[in-house]
Amino acid sequence: MQTWTSTPFEPWLGLTGGILIGLAVVMLLLTTGRIAGISGICAGAITKPGFERYWRLAFVLGLVISSIFYSLFKGPLPVQTQVDSIWMIIAGFLVGFGTRLGSGCTSGHGVAGIARLSRRSMVATLVFIGSAVIITNIIRHT
Amino acid sequence: MKIVLVSLFSGFIFGIGLIISGMSNPARVLNFLDLSARWDPTLALVMGGAIAVTMPSFYWIRKRNKPLFADKFEIPSNNNIDRKLVIGACIFGIGWGIAGLCPGPSIVAITTLQPEVLLFVFSMLLGILAQHGLHVKTDV
């Protein structure tokens, strides 16, 4: 059911990537007044009408272009899935449903929400990291 | 139009950040969530680096009356810690802990065309629509 690929600790790449993510979030807030929460952006891109859909679709398109751009210069993206398709389907549904019920994901709550000291986001982040740690450890170690 | 272009660019930078940091690799995410001997703490630095940029910037940006290209800031005002928030976050965490993918990285990973990733994203969109449907009907 699962594979287990080990990954090296890469502090500088992590920090650099994190800073870029932070800059993207700041850019969006400063210019458009919007919070870059990806789950909300994905949801709005398929459920909202008109302009509210267009800017979200543009953001999603930016994500896809970044991936194509990276692979043109550096080769294929390292994406090593660890569980079978059936588990990916179940997990995908839970992520979609859960992020909308809880109004945010790793970006909206974990980065933007914590940065604006939102109590809701701090609680949500602790809860989703907690439940993710528990589930991962159950799957791998029991 | 400006807003659409800046959204596109912001998405691009965001995506590069996800890729460079390895957040778009489920193996790395799961090795962060798995607290065993092979623990990979890179993800903590991704969040830390992002918050180190956003926290002081937000403080400064919110002193402005309005954003550069729009009339007002659209920042959530709800401050209630309710059941929906906690249950939703818990369900999200379970999905994240199973697959090692959250919404941003899953979109970035689409271009690998791996069937597992495509199935995840398709199912995630169904999950979003399912919650949207329930929300519209019953406000769950």
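Use the structure listed above.
Residues numbered from 1 in each chain as written. Chains lettered and ligands numbered in written order. Predicted model: local features only at pLDDT ≥ 70, side-chain atom pairs only at ≥ 80, totals over all residues. Heavy atoms only, no water.

1. What about the packing of helix α1 (residues 11-32) of chain A against helix α1 (residues 2-21) of chain B?
Phase 1: Between α1(A) and α1(B), whose axes approach to 7 Å, the crossing angle comes to 165°. Between α1(A) and α1(B), the angle is such that the two are roughly antiparallel. Crossing geometry of α1(A) relative to α1(B) is assigned as left-handed. Mapping the contact onto sequence places L13(A), G14(A), G17(A), G18(A), L20(A), I21(A), A24(A), V25(A), M27(A), L28(A), T31(A) and T32(A) in α1(A) and I3(B), V6(B), S7(B), F9(B), S10(B), I13(B), F14(B), I16(B), G17(B), L18(B), I20(B) and S21(B) in α1(B).
Phase 2: Tallied by class, residues from the contact of α1(A) with α1(B) come to 15 nonpolar, 9 polar and no charged. (Axes fitted to C-alpha atoms, helices over the stretch in contact; angles between N-to-C directions. Helix = DSSP H or I, 4+ residues; strand = E, 2+ residues; numbered from the N terminus. Parallel < 35°, antiparallel > 145°, perpendicular 65-115°, else oblique. Left-handed = near helix turned anticlockwise from the far one by under 90°. Contact = heavy atoms within 4.5 Å. Nonpolar A, V, L, I, M, F, W, Y, C, P; charged D, E, K, R; others polar.)

2. Considerations on the pattern of salt bridges
Phase 1: Counted according to the given criterion, the structure contains 8 salt bridges over all chains.
Phase 2: Close ionic contact of R34(A) with E52(A) constitutes a salt bridge, the shortest N to O distance being 2.8 Å. Placement of R34(A) in the loop between α1 and α2 (38-47) and of E52(A) in helix α3 (residues 50-74) is noted, with a sequence separation of 18 residues between them.
Phase 3: Of the residues examined, R34(A) reaches a relative accessible area of 6% and is grouped as buried.
Phase 4: Where R28(B) meets D40(B), a salt bridge forms, and the shortest distance between an N and an O atom there is 2.8 Å. Here the residue R28(B) occupies a position in helix α2 (residues 26-33), and D40(B) occupies one in the loop between α2 and α3 (42-61), the gap between them amounting to 12 residues.
Phase 5: You can call D40(B) buried: its relative accessible area is 0%. (Salt bridge = Lys/Arg side-chain N within 4 Å of Asp/Glu carboxyl O. Buried < 20%, exposed > 50% of the residue type's maximum accessible area, 1.4 Å probe, protein only.)

3. Some points on the side chain of S123(B)
Phase 1: Counting through the fold element by element, S123(B) comes out in helix α6 (residues 115-138).
Phase 2: For S123(B), the residues in contact, after removing those within four places along its chain, are I89(A), G92(A) and F93(A).

4. Let's talk about helix α4 (residues 83-99) of chain B
Residue and element names in this part refer to chain B.
Phase 1: For α4, which comprises 17 residues, the first-to-last C-alpha distance of 24 Å matches the rise-based estimate of 24 Å (1.5 Å per residue) to within 8%.
Phase 2: Where α4 is concerned, the buried positions are L85, G88, A89, F92, G93, G95, W96, G97, I98 and A99.
Phase 3: Directly after α4, the chain includes G100, whose backbone phi takes a positive value near 80°. (Expected span 1.5 Å × (residues − 1).)

5. A closer look at the environment of P8(A)
Phase 1: Among the structural elements, P8(A) can be located in the segment before α1.
Phase 2: Separated by 46 residues in sequence, P8(A) and Y54(A) place their C-alpha atoms 38 Å apart.
Phase 3: With residues near it in sequence (within four places) discarded, P8(A) still touches R28(B), D40(B) and T42(B).

6. Section: a nonpolar patch on the surface
Phase 1: Residues L61(A), I65(A), I68(A), F69(A), L72(A) and F73(A) make up a contiguous nonpolar surface patch of roughly 620 Å² in combined accessible area.
Phase 2: Mapped onto the elements, F69(A) comes out in helix α3. (Patch = residues over 30% accessible without salt bridge, like charges linked within 9 Å, V, L, I, M, F, W, Y side chains within 5 Å. Areas by Shrake-Rupley, 256 points an atom, 1.4 Å probe, with all protein chains shown as cover.)

7. Quick word on helix α6 (residues 119-141) of chain A
Phase 1: The terminal C-alpha atoms of α6(A), which comprises 23 residues, lie 33 Å apart, in line with the 33 Å expected from a rise of 1.5 Å per residue.
Phase 2: Buried residues along α6(A) sit in contact with α5 (106-115) of chain A together with α2, α3 and α4 of chain B.
Phase 3: Measuring from the backbone nitrogen of R120(A) back to the side-chain oxygen at the start of α6(A) gives 3.4 Å, which picks out S118(A) as the cap. (Polar contact = N/O pair within 3.5 Å; in protein donor to acceptor, adjacent residues only side chain to side chain.)

8. Digging into the interface of chain A and chain B
Phase 1: Of the residues lining the interface, 105 residues belong to chain A; the matching set on chain B comes to 104 residues.
Phase 2: Linking chain A with chain B are 4 salt bridges, by the criterion used here.
Phase 3: Note that D34(B) is salt-bridged to R140(A), the shortest N-O span being 2.9 Å.
Phase 4: Contributions of two or more residues to the side of chain A that touches chain B are made by α1, α2, α3, α4 (85-101), α5 and α6 of chain A.
Phase 5: Take the side of chain A that touches chain B: its biggest share by element is 20 residues, from α1(A).
Phase 6: When grouped by side-chain class, the residues that make up the side of chain A that touches chain B number 64 nonpolar, 34 polar and 7 charged.

9. What about the packing of aromatic side chains?
Remark: the centre distance and the inter-plane angle together describe each pair of aromatic rings, the angle taken between the planes.
Phase 1: In total, this model carries 8 aromatic pairs over all chains according to the counting rule given.
Phase 2: Judged by centre distance (5.2 Å) and plane angle (75°), the ring pair of F69(A) and F12(B) falls under edge-to-face. Taken together, the positions of F69(A) in helix α3 and F12(B) in helix α1 put the pair across two chains.
Phase 3: Using a relative accessible area of 40% as the deciding quantity, one classes F69(A) as partly exposed.
Phase 4: Here F92(B) and W96(B) contribute two aromatic rings whose centre-to-centre distance is 6.0 Å and whose plane-to-plane angle is 20°, an arrangement assigned as stacked. Pair noted here: F92(B) and W96(B) are both in helix α4, with a separation of 4 residues, about one helical turn.
Phase 5: Owing to a relative accessible area of 1%, W96(B) belongs among the buried residues under this scheme. (Phe/Tyr/Trp six-rings, centres within 6.5 Å; stacked < 30°, edge-to-face > 60°.)

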